[in-house]
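# Residue-level structure breakdown
Letter by letter, the chains look like this.
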2 protein chains.
Amino acid sequence: MSLLARTIEGITPADPEFRDRARARILTLCMPPWALGRLLDLAVDLAGMTRSLAPPVARRCVVVMAADHGVTAEGVSAFPREVTVEMVRNLVAGGAGVNVLGRQAGARVLVVDVGVAGDLSDLRGAASFQSRPVAHGTANMACGPAMRREQAIQAVEAGLHVAAELADETDVFATGEMGIGNTTPSSAIIAALCAVDVSEAAGRGTGIDDVRLRHKTAVIRRALDVNQPDPGDPIDVLAKVGGFEIGAIAGLILGAAAQRKPVLVDGLISTAGALLAHRLCPHAAEYMIASHRSDEPGHGPALAALGKRPLLDLGLRLGEGTGAALAMPLVEAAARILTEMASFDDAQVSKGNL
Amino acid sequence: MSLLARTIEGITPADPEFRDRARARILTLCMPPWALGRLLDLAVDLAGMTRSLAPPVARRCVVVMAADHGVTAEGVSAFPREVTVEMVRNLVAGGAGVNVLGRQAGARVLVVDVGVAGDLSDLRGAASFQSRPVAHGTANMACGPAMRREQAIQAVEAGLHVAAELADETDVFATGEMGIGNTTPSSAIIAALCAVDVSEAAGRGTGIDDVRLRHKTAVIRRALDVNQPDPGDPIDVLAKVGGFEIGAIAGLILGAAAQRKPVLVDGLISTAGALLAHRLCPHAAEYMIASHRSDEPGHGPALAALGKRPLLDLGLRLGEGTGAALAMPLVEAAARILTEMASFDDAQVSKGNL
């Protein structure tokens, strides 16, 4: 059996008994019923994932999956493809947005090359870098499949390997990515899997104008027409209109779910990966936490398909894992409320007539 | 000149030059233009408040103003009035929600008795407690003014004194409160100052049912009818339908603004205090950060009147300052982005054609 098949088989639903026990504990805490709203829903989710009333959340890692995209040849992005390599160097040096927010959140930031089109051999050995390339960028999906089926599986398994390696030092995973052009395959995946029109799934990415957005939308339509991905087969969708980093994100999420650990999902691209993970194994969604609502229009239908409501809504559209890092303190807060807050009895506070 | 008048005179607008400089600096940072959305807006706000491109945010204090309300005699709350005293003890002992979230946020939590109806003399000397009572609870506003005009000024000045005392050890202030029944005067203040109907300003507070909500709404209407507060005179509104802790929150906010420091405003009750501060000194609003959108219906019109969009929307309705504590990491994140993130030049990343 393949690593992917074994991992999927090992994913179990979140534990309903621990969810109930967390709910019961919260109702004893010294506040009006459910007065911390969605923070308490999150605490229940964490208890169900981790099978604990004191969910461990101290050791955190944002994994930034990096890869390039052949479809950039169509002129779908405002930035040249070289920026992927340049940004990987910036990420490894610690200067990018997710580095700043990760430091604040007490999270390690690990950058993984799963298919960058450039020479990164000088980065080997850096503690915050791993090299697991499937190929030097995908093929142009507007002309044919982005990758072969076995490469799609290899991309997902790269994510599984990263999750396995981090297992002993990580309580909370978070997804991030870097790959110029990667909103284009993400929107294609969302259009294919969520049955929404491409016009509702495509957005401005790094900030393209109306003319280029129309062009990008047409390119995505062409990619779907040319490739005819099978929405019932997530690996087929990934192979035909996906990207290596999107597959690796799906793998990281499946790996976290198999470890029964929460995984914070960042914005549009990460959520496209989360959709693939969900279609490969529906129970994996029970370990996902939607960190924020991106400005990208395709994010809404993707979150809805996962049944997720994001924690933050701050108009972010940077990616990298910045939204996931920014939501980490809310995960810690939910866990702390469950463990540190006094009950009515502890605090000797009178109950109301509720 | 009174302390209040002197403080108001000392409040200047946020600095437009530092706002412009922060904007210019952000546009050099290595990301698509304004790709961190409202986090960057917040960074600009912080620069304008503090006159700095490295806004200090390390030293934080949540001030929990506590007081009682005569209007509880009308049966407007689900909890008995004694709970205010019990919760003050819980807050000083460190077991309440805001203590948990404050610890996580690296914020001191200071509880100030500005008018609790009970004996708290045993708490004197506790590092996290101050005693500045105006009286032992307000009078019942459904029958006449909640307090005398000079008591209203004294309540606001209590907040000013706290802000002044904390000045040397605080970069970021946050407001919180404890006072059984205090959504009732808060909704009355909002109805009076925002010209919305009482039915749009009154909510379930700690969780009352439909019958009691109708009763609470009628009590607020009666208080406004009996007292006829003058919406052009915020001290009159506070005196007639307010509370000591609400006045003290207004004072704390004015004090923070006079020190040119950000102040995170919590939910409904804190925002009622913020409205009073704004009416006393419109420029004070430039130092306020709306931390979250409460479940209370009156919070929306109050935030709109202040021109504020809150950072979080998590269905919180606990008060205490919990929402403000929960938003502290976002303030730190905004400041860190401004100071720690690499520019395109630093990182040697190519710019796009935007």
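Just so it is clear, the structure is predicted and the values come from calculations on it, not from any experiment.

### Details of the packing of helix α6 (residues 149-166) of chain A against helix α11 (residues 244-258) of chain A
Residue and element names in this part refer to chain A.
- Where α6 contacts α11, the two axes come as close as 6 Å, and the packing angle between them is 45 degrees. In this view, α6 runs oblique relative to α11, as classed from their interaxial angle. Relative to α11, α6 is oriented so that their crossing is right-handed. Residues Q151, A155, V156, G159, L160, V162 and A163 of α6 form the contact with α11, whose own contacting residues are F244, G247, A248, G251, L252, L254, G255 and A256.
- Residue composition of the contact of α6 with α11, grouped by class: ten nonpolar, five polar and no charged.

### A few points about the interface of chain A and chain B
- Contact residues are listed per partner, giving 57 residues for chain A and 57 residues for chain B.
- Note on chain A versus chain B: buried area summed over both sides is about 4,500 Å², and carbon and sulfur give 62% of it.
- Viewed at the interface, chain B and chain A are joined by two salt bridges.
- Among the ionic pairs, E340 of chain A bridges to R103 of chain B, the shortest N-O distance being 3.1 Å.
- At the surface where chain A touches chain B, the tally comes to 20 residue pairs in polar contact (both at pLDDT 80 or more).
- For the side of chain A that touches chain B, the class distribution of residues is 33 nonpolar, 13 polar and eleven charged.

### Describing the domain arrangement of chain A
All names here are of chain A.
- Per the domain assignment, the segments making up chain A are domain 1 (3-55 + 338-347) and domain 2 (60-330).
- In this structure, domain 1 and domain 2 have C-alpha centres spaced 28 Å apart.
- Between domain 1 and domain 2, the contact holds 16 residues from the first and 23 residues from the second.
- The interface formed by domain 1 and domain 2 includes zero salt bridges.
- Linking domain 1 with domain 2 are eight residue pairs in polar contact (both at pLDDT 80 or more), by the criterion used here.
- Elements supplying a minimum of two residues to the side of domain 1 that touches domain 2: α1 (3-9) and α3 (37-50).
- Among the elements that line the side of domain 1 that touches domain 2, the one with the most residues is α3, at six residues.
- Its residues placed into classes, the side of domain 1 that touches domain 2 shows ten nonpolar, four polar and two charged.

### Structural notes on the sheet that holds strand β4 (residues 172-178) of chain B
Residue and element names in this part refer to chain B.
- One open sheet holds the six strands; their spatial order is β3-β2-β1-β4-β5-β6, and the pairing between them is parallel. On the outer flanks of this sheet lie β3 (129-131) and β6 (288-290), each paired with one strand and no other. Between one strand and the next, the sheet's axes are offset by a mean angle of 25 degrees, whatever the strand orientation.
- As defined by bridge partners, strand β1 (residues 60-67) adjoins β4 across seven bridges and the pair is classed as parallel. Within β4, the residue paired with A66 across the bridge is M178.
- Most of the contacts of helix α11 (residues 244-258) go to β4, to which it runs at about 180 degrees, and overall it touches β1, β2 (107-115), β4, β5 (263-265) and β6.
- Strands β4, β5 and β6 of the sheet are contacted by helix α12 (residues 268-280), whose axis makes an angle of about 120 degrees with β4.

### Considerations on the sheet that holds strand β6 (residues 288-290) of chain A
All names here are of chain A.
- Pairing within the open sheet is parallel, and its six strands lie in the order β3-β2-β1-β4-β5-β6. Of all the strands in the sheet, just β3 (129-131) and β6 have a single pairing partner and so form its edges. Across the sheet, the mean angle from the axis of one strand to that of its neighbour is 25 degrees, orientation sign disregarded.
- Bridge count for strand β2 (residues 107-115) against β3 is three bridges, and the pairing is parallel. Each bridged residue has a counterpart across the sheet, and for V112 the counterpart in β3 is Q130.

### A word on the pairing of β1 of chain B
All names here are of chain B.
- Among the eight residues in β1, eight count as buried, and that is most of the element.
- Across the two faces of β1 the burial is the same, with R60, V62, V64 and A66 and C61, V63, M65 and A67 all buried.
- Sheet topology places β1 next to β2; eight bridges connect them, and they run parallel. Bridged to A67 within β2 is G115.

About the thresholds
- Here the residue index of a chain counts from 1 through its sequence in written order.
- All chains are assigned letters beginning at A, and all ligands numbers beginning at 1, according to the order in which they are written.
- Whole-chain, interface and lining totals are the exception, using all residues; otherwise, since this is a predicted model, local features are given only for residues with pLDDT of at least 70 and side-chain atom pairs are given and counted only at 80 or more.
- Here the side-chain values reflect all heavy atoms present in the structure, with hydrogen atoms and water set aside.
- Between N-to-C directions, angles span 0 to 180 degrees; the directions come from axes that are lines fitted to C-alpha atoms, helices contributing only their stretch in contact.
- Helical segments are the DSSP runs of H or I of at least four residues, strand segments are the runs of E of at least two, and each set is numbered from the N terminus.
- Angle categories: roughly parallel below 35 degrees, roughly antiparallel above 145, roughly perpendicular from 65 to 115, and oblique for all the rest.
- Left-handed is the label given to a crossing in which the near helix is rotated counterclockwise from the far helix by less than a right angle, and right-handed is the label when the rotation is clockwise.
- What makes two residues a contact is simply this: any of their non-hydrogen atoms within 4.5 Å.
- All residues other than Ala, Val, Leu, Ile, Met, Phe, Trp, Tyr, Cys, Pro, Asp, Glu, Lys and Arg, Gly among them, are scored as polar; the first ten of these are nonpolar and the last four charged.
- Accessible area, probed at 1.4 Å, shrinks when two parts are joined; the buried area is that loss added up over both.
- By convention in these notes, a salt bridge is any Lys or Arg side-chain nitrogen within 4 Å of a carboxyl oxygen on Asp or Glu.
- Polar contacts, as counted here, are pairs of nitrogen or oxygen atoms within 3.5 Å of one another; within protein the pair requires one atom able to donate a hydrogen and one able to accept it, and residues that are adjacent in sequence qualify only if both atoms are side-chain atoms.
- An automatic or database domain assignment supplies the start and end points of every domain.
- Two strands are counted as paired when DSSP detects at least two bridges linking them.
- Partly exposed residues are those whose accessible area sits between 20% and 50% of the maximum for their type, while under 20% is buried and over 50% is exposed, using a 1.4 Å probe and protein chains only.

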